[in-house]
Amino acid sequence: MRLIEIGALIALALFSAHAPCTAHGIDASVGEGGVYVKIFYDDGTPVSFADVRVYTPAGREFISGITDRNGVFLFVPDAAGEWRVEADDGMGHRILKSIEVAGGYEYELAQRKPGRKFPRLYGAVTGVSLIFGFFGLFAMFSRRRKK
Amino acid sequence: MHVSDGILSLPVLAAGTLVASGGVAVGLKKTDYSQMPRAAVLASLFFVTSLIHIPIGPTGAHLVLNGLAGVLLGWAVFPALFIGLILQAVIFSHGGITAVGVNTLNMALPGLLCWKLFGLIRNKAVAGFIAGFLGIAGSMVMLGASLTLTEKAFIPAVKLMGAAHLPVAVAEGAVTAAAVVFLVKTSPEMLSDSHAP
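Being a predicted model, the structure only gives us computed values, none of them experimental.

Quick notes on the overall build of chain B
Stage number 1. What chain B contains, in helices and strands, is nine helices and two strands.
Stage number 2. Written out in order from the N terminus, the α and β elements of chain B read α-α-β-β-α-α-α-α-α-α-α.
Stage number 3. In summary, chain B has a C-alpha radius of gyration of 16 Å against a globular reference of 16 Å for 197 residues, a match within 12%.
Stage number 4. Overall, the C-alpha framework of chain B stretches about 45 × 40 × 30 Å when taken along its three principal axes.

Below, the structure written as structure tokens:
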């Protein structure tokens with residue numbers, strides 16, 4: 001095992017800190033706000049589990065889903081303009097509602113565990129160090145076993 | 001490729017962890033004191049290479065190098081990838097912690113098979129390519145099995161993932177072949193003594 005290989009590994013670890021990397025783990029942040037529509041019949045009963053489609057001001061489909069048991073469908077618009085919500089109860093009733101949104105909604109990222117994410121460079125160095133540490137221990141035990 | 005927590009069913013997780021533990025135990029037992037540094041180097045390579053993103057078209061991927069690790073380590077590929085995966089999960093949330101056993105099995109078993117195959121193929125460059133390719137392809141098969149054993153509904157997703165990883169498998173084959181050719185020229189004993197009985 002030569003020094004140049006160790007050097008190459010360390011160089012790789014350092015290099016990796018600068019390479020953009022699409023995340024392989026996922027995380028969630030929590031917020032409040034948004035726009036909701038409540039779909040209901042003439043007599044006030046909610047239109048539960050109806051199909052809903054939401055269209056951006058540019059006319060593209062933003063999200064689709066179903067209303068909850070109270071006839072409510074919530075979404076967080078990400079642009080200003082006139083959004084369109086289309087709801088269909090599957091029984092011949094359909095509604096198209098326009099919603100004027102003044103600004104894109106921004107919501108606070110709730111820091112559940114601040115600083116939980118390891119910066120990549122430190123993580124790489126830590127990981128490699130621990131790997132060598134563990135294998136050093138294994139080697140120690142292996143040697144002792146031999147004797 | 002690294003399965004996160006909460007996706008696989010308990011029986012799959014338990015079985016995978018059990019078999020992987022066996023593999024790790026065998027790997028540690030069979031690995032001589034003098035082989036440990038090599039295992040550490042390949043574990044580190046596996047660990048670090050997952051941080052290096054290679055753009056492929058609109059998205060990208062990262063090399064896994066489980067095939068190369070298998071070829072150079074033999075049974076020691078189990079503890080090497082196990083340690084690498086645990087640290088990836090803990091430090092970078094790259095894969096779930098409960099899924100470490102299954103992930104180890106999914107990546108180390110193909111590595112082990114690549115080791116066997118490598119010894120059988122005369123032309124080492126070709127052997128290297130096949131090892132790299134099968135490292136990825138084998139992991140995909142194992143991953144597919146883990147997911148479909150959990151729930152049949154995963155089948156279309158598995159097919160999609162398999163297709164998406166084909167270019168990665170080819171790239172990995174090329175890298176492994178290059179590494180093997182380099183080793184044949186510089187330190188051929190690294191290749192032959194991992195095949196010593």
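Picking up where we left off.
As for the confidence of the model for chain A
All names here are of chain A.
Stage number 1. Taken as a whole, chain A shows an average pLDDT of 79; of its residues, 71% reach a score of 70 or greater.
Stage number 2. In the predicted structure, residues 19-23 sits below a pLDDT of 50 and forms eight contacts with residues beyond four places in sequence or in another chain.
Stage number 3. Counted against residues more than four places away or in other chains, residues 107-115, with its pLDDT under 50, gives ten contacts.

With respect to the sheet that holds strand 3 (residues 61-66) of chain A
Residue and element names in this part refer to chain A.
Stage number 1. Read from one edge to the other, the open sheet built from four strands follows the order 3-2-5-6, with strand pairing classed as antiparallel. Both edges of this open sheet fall to strand 3 and strand 6 (94-101), since each of them pairs with a single strand only. The sheet shows a mean angle of 15° between the axes of neighbouring strands, taken without regard to direction.
Stage number 2. Here strand 2 (residues 51-55) pairs with strand 5 (residues 81-88) via five bridges, running antiparallel. The residue bridging Tyr-55 from the neighbouring strand is Arg-84, located in strand 5.

A closer look at the nonpolar core
Stage number 1. Ranked by size, the top nonpolar core spans 51 residues in total, and within it Ile131(A), Phe135(A), Phe47(B), Leu73(B) and Val77(B) carry the most contacts.
Stage number 2. For this core, the element with the most residues is helix 4 (residues 77-92) of chain B, which contributes nine residues.
Stage number 3. Leave out the neighbours within four places in its chain, and Phe47(B) touches Gly123(A), Ala124(A), Gly127(A), Val128(A), Ile131(A), Gly84(B), Leu87(B), Gln88(B), Ile91(B) and Phe92(B).
Stage number 4. Core analysis: the second largest hydrophobic core is formed by 14 residues, Val35(A), Ala50(A), Phe73(A) and Val101(A) among them.

Focus: the pairing of strand 2 of chain A
A regular strand places its side chains so that they alternate between the two faces of the sheet.
Residues and elements named next belong to chain A.
Stage number 1. As paired strands, strand 2 and strand 3 are joined by five bridges and run antiparallel to one another. Paired with Asp-51 across the strands is Ile-66, a residue of strand 3.
Stage number 2. Hairpin geometry of strand 2 and strand 3 is characterised by an intervening segment of five residues between the two adjacent antiparallel strands and by a positive phi of about 95° at Gly-59.

Focus on the packing of aromatic side chains
Any aromatic ring pair is given by two values, namely how distant the centres are and how the planes are angled relative to each other.
Stage number 1. Across all of its chains, the model carries seven aromatic pairs over all chains by this definition.
Stage number 2. A centroid spacing of 5.3 Å and a plane angle of 90° characterise the contact between Phe135(A) and Phe138(A), whose relative ring orientation is edge-to-face. You can see Phe135(A) and its partner Phe138(A) sitting in helix 2 (residues 120-146), three residues apart, about one turn around the helix. With respect to class, Phe135(A) is no different from Phe138(A); both count as buried.
Stage number 3. Between Trp75(B) and Phe78(B), the ring centres sit 6.0 Å apart and the planes meet at 25°, which makes this aromatic pair stacked.
Stage number 4. Relative accessible area serves as the criterion here: at 25%, Trp75(B) is assigned to the partly exposed category.
Stage number 5. Grouping aromatic residues by their ring pairs yields a cluster made of Phe62(A), Phe75(A) and Trp83(A).

So, the pairing of strand 6 of chain A
Residues and elements named next belong to chain A.
Stage number 1. As paired strands, strand 5 and strand 6 are joined by eight bridges and run antiparallel to one another. Directly across from Gly-81, in strand 6, lies its bridge partner Val-101.
Stage number 2. Once strand 5 ends, the chain turns through five residues before running back antiparallel as strand 6, passing Gly-90 with a positive phi of about 75°.

Procedures and definitions
- Residues numbered from 1 in each chain as written.
- Chains lettered and ligands numbered in written order.
- Predicted model: local features only at pLDDT ≥ 70, side-chain atom pairs only at ≥ 80, totals over all residues.
- Heavy atoms only, no water.
- Helix = DSSP H or I, 4+ residues; strand = E, 2+ residues; numbered from the N terminus.
- Rg over C-alpha atoms; globule rule 2.2 N^0.38 Å.
- pLDDT = per-residue confidence, 0-100.
- Contact = heavy atoms within 4.5 Å.
- Pairing = 2+ DSSP bridges.
- Axes fitted to C-alpha atoms, helices over the stretch in contact; angles between N-to-C directions.
- Core = buried A, V, L, I, M, F, W, Y, C linked by side-chain atoms within 4.5 Å.
- Buried < 20%, exposed > 50% of the residue type's maximum accessible area, 1.4 Å probe, protein only.
- Phe/Tyr/Trp six-rings, centres within 6.5 Å; stacked < 30°, edge-to-face > 60°.

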